[in-house]
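The residues making up each chain are set out below.
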Amino acid sequence: MSEHGAGLRARKRQRTYRAISDAAVSLFLEKGFDTVSVSEIAEAAEVSKPTLFRYFPTKEDMALHRFADHEDEAARVVAGRPAREAPLTALENHFLAGLEARDPVTGLCDEPEVLSFHRLLYSTPELVARLHSYTARSEEALADALAAGPADGAAHAGAAPGLAARLAAGQLVTSQRVLATANWRRIADGASADSVSGAAREDARRAFALLRTGLTPFA
């Protein structure tokens, strides 16, 4: 297959992923996660059930597809940072930029659709449990990116990340999740994103300052 043909096929697959996920989320928001059947989702997305399961093995994955794009985000930030920039600095700047852009991943977003999705997520135990697997993969990818740099010693491409990189990745991913959850709770309590943006930035700076004291090799 030509490169052009492969690109068209990949874009078509992405459109199908998005169509199924969007149909699923709309139904979940309307009826509740537990009451929506796979058959309903397939009908709404205009695909067969076998096709649906080729794209998403579970209902939870359909709901959380939008998180998949962010699984390796921290790893990409570290891998793509300027040569002289520390990983921690790159991640802090990226998170602060996300706050400024009102990126839903930072929790600092008060768009009605985003708020509704977060309410669905945090009120559905199955989705919260499934989200942990996304977090674990994010930590793994970030650990690989950190280990590929000079801070973790003699790590090399293809090698398993060292303990320091794995510990650092766990702390970094967890810290960003805690910050995002705190921001979402403020907005869920009725605050606007603009009104709490200053507090969100201050919390982020404080969190990364605390990380910097314990993650010296990567700071």
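Residues numbered from 1 in each chain as written. Predicted model: local features only at pLDDT ≥ 70, side-chain atom pairs only at ≥ 80, totals over all residues. Heavy atoms only, no water.

**Topic: the pattern of salt bridges**
Throughout the structure, instances matching the rule amount to 10 salt bridges. With its nearest N and O atoms 2.6 Å apart, the salt bridge here joins Lys31 to Glu40. Accessibility expressed as a relative area gives 25% for Glu40, which makes it partly exposed. (Salt bridge = Lys/Arg side-chain N within 4 Å of Asp/Glu carboxyl O. Buried < 20%, exposed > 50% of the residue type's maximum accessible area, 1.4 Å probe, protein only.)

**A word on the environment of Ala79**
Following the sequence through the fold, Ala79 ends up in helix H6 (residues 73-79). With 44 residues separating them in the primary sequence, Ala79 and Thr35 have C-alpha atoms 42 Å apart. (Helix = DSSP H or I, 4+ residues; strand = E, 2+ residues; numbered from the N terminus.)

**Looking at the environment of Leu172**
One can find Leu172 in helix H10 (residues 163-188). With 125 residues separating them along the chain, Leu172 and Val47 place their C-alpha atoms 39 Å apart.

**Side note on the nonpolar core**
Residues Leu91, Leu99, Leu108, Leu142, Leu146, Leu172 and Phe208 are the most contacted members of the largest nonpolar core, which totals 33 residues. Contributing elements (two or more residues each) for this core: H6, helix H7 (87-100), helix H9 (125-147), H10 and helix H11 (193-214). Among residues more than four places away in sequence, those in contact with Leu91 are Ala74, Val77, Val78, Leu142, Leu172 and Phe208. With 26 residues, the next largest nonpolar core counts Tyr17, Ile41, Tyr55 and Phe56 among its residues. (Core = buried A, V, L, I, M, F, W, Y, C linked by side-chain atoms within 4.5 Å. Contact = heavy atoms within 4.5 Å.)

**Digging into the packing of aromatic side chains**
Applying the stated criterion across every chain yields a total of five aromatic pairs. Summarising the aromatic geometry, the rings of Tyr17 and Phe56 are spaced 5.3 Å apart at their centres and angled 85° between planes, so their arrangement reads as edge-to-face. Placement of the pair is Tyr17 in helix H1 (residues 3-31) and Phe56 in the loop between helix H3 (49-55) and helix H4 (59-63), with a sequence separation of 39 residues. A single burial state applies to Tyr17 and to Phe56, both of which are buried. Centre to centre, the rings of Phe28 and Phe33 are 4.8 Å apart; their planes meet at 55°, and the pair counts as tilted. The residues Phe28 and Phe33 share a single accessibility class, namely buried. In textbook terms, an aromatic cluster arises when at least three aromatic residues are bridged by ring pairs, as seen for Tyr17, Tyr55 and Phe56. Its guanidinium or amino end placed over the ring of Phe33, Lys59 lies 4.5 Å from that ring's centre, counting from NZ or CZ. (Phe/Tyr/Trp six-rings, centres within 6.5 Å; stacked < 30°, edge-to-face > 60°. Lys NZ or Arg CZ within 6 Å of the ring centre and 35° of its normal.)

**Section: the side chain of Thr106**
Residue placement: Thr106 occurs in the loop between H7 and helix H8 (112-122). With relative accessibility at 4%, the residue Thr106 sits in the buried group. Beyond its immediate chain neighbours, meaning those up to four positions away, Thr106 contacts Phe95, Gly98, Leu99, Leu179, Ala180 and Asn183.

**Details of unusual backbone geometry**
The phi dihedral of Glu46 falls on the positive side, at around 60°, and the residue is not glycine. Relative to the helices and strands, Glu46 resides in the loop between helix H2 (38-45) and H3. According to the relative accessible area criterion, Glu46 is exposed, its value standing at 74%. Within the chain, Arg102 stands out as a residue other than glycine whose phi angle is a positive 60°. By the element assignment, Arg102 lies in the loop between H7 and H8. Overall, the relative accessible area of 22% leaves Arg102 in the partly exposed class.

**Here we look at the packing of H10 against H11**
Two measures define how a pair of helices packs: the angle their axes make with one another and the distance between the axes. Between H10 and H11, whose axes approach to 10 Å, the crossing angle comes to 160°. The orientation of H10 relative to H11 falls into the category roughly antiparallel. Taken as a pair, H10 and H11 cross one another with a handedness that is right-handed. In this structure, H10 uses Gln171, Leu172, Ser175, Gln176, Leu179, Asn183, Arg186 and Ile187 to contact H11, whose residues at the interface are Ala193, Val196, Ala199, Ala200, Asp203, Ala204, Ala207, Phe208 and Leu211. Classifying every residue of the contact of H10 with H11 by side-chain character gives 11 nonpolar, four polar and two charged. (Axes fitted to C-alpha atoms, helices over the stretch in contact; angles between N-to-C directions. Parallel < 35°, antiparallel > 145°, perpendicular 65-115°, else oblique. Left-handed = near helix turned anticlockwise from the far one by under 90°. Nonpolar A, V, L, I, M, F, W, Y, C, P; charged D, E, K, R; others polar.)

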